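Next come the chains, spelled out residue by residue.
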Amino acid sequence: MKSAVIVFPGSNCDRDLAVAFEAVTGSAPVMVWHRETELPEGIDLIGVPGGFSYGDYLGSGAMAGRSPVRQAGGRGAARG
């Protein structure tokens, strides 16, 4: 199983999520910067970490909702 973790500035737990994915799938996930417009081929599992490291006032969740990779993730979800 090929997995990916989306990396956002101001969020945390992306590394924790990567460790968990590797423990479950047996291979390290691809770390994808939120500004990417496409996901790598063959991704079966996409992880979006929660939390924040710079304070809630920066609105990392609002950034996540507007990031280009969000559309790529939506296309992947639509394909199943």
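Worth saying up front: this structure is predicted, and the values here are computed from it rather than measured.

Asks: So what about the side chain of His34? Which residues, and what values?
Replies: Looking at the secondary structure, you find His34 in the loop between strand 2 (30-33) and strand 3 (45-47). Here His34 falls in the buried class, since its relative accessible area comes to 5%. Side-chain polar atoms of His34 contact the side chain of Ser67, separated by 2.9 Å. For His34, the contacting residues outside a window of four places in its chain are Ile6, Val7, Phe8, Pro9, Met63, Ser67, Pro68 and Val69.

Asks: Quick one: what's the story with the nonpolar core, residue by residue and with numbers?
Replies: In terms of nonpolar packing, the biggest core is built from nine residues, these being Ala4, Ile6, Phe8, Val32, Leu39, Ile43, Ala64, Val69 and Ala72. Listed by contribution, the elements that provide at least two residues to this core are strand 1 (3-7) and helix 3 (68-79). Sequence-distant contacts of Ile43, that is, excluding residues within four places in its chain, are made with Lys2, Ser3 and Ala4.

What counts as what
- Residues numbered from 1 in each chain as written.
- Predicted model: local features only at pLDDT ≥ 70, side-chain atom pairs only at ≥ 80, totals over all residues.
- Heavy atoms only, no water.
- Helix = DSSP H or I, 4+ residues; strand = E, 2+ residues; numbered from the N terminus.
- Buried < 20%, exposed > 50% of the residue type's maximum accessible area, 1.4 Å probe, protein only.
- Polar contact = N/O pair within 3.5 Å; in protein donor to acceptor, adjacent residues only side chain to side chain.
- Contact = heavy atoms within 4.5 Å.
- Core = buried A, V, L, I, M, F, W, Y, C linked by side-chain atoms within 4.5 Å.

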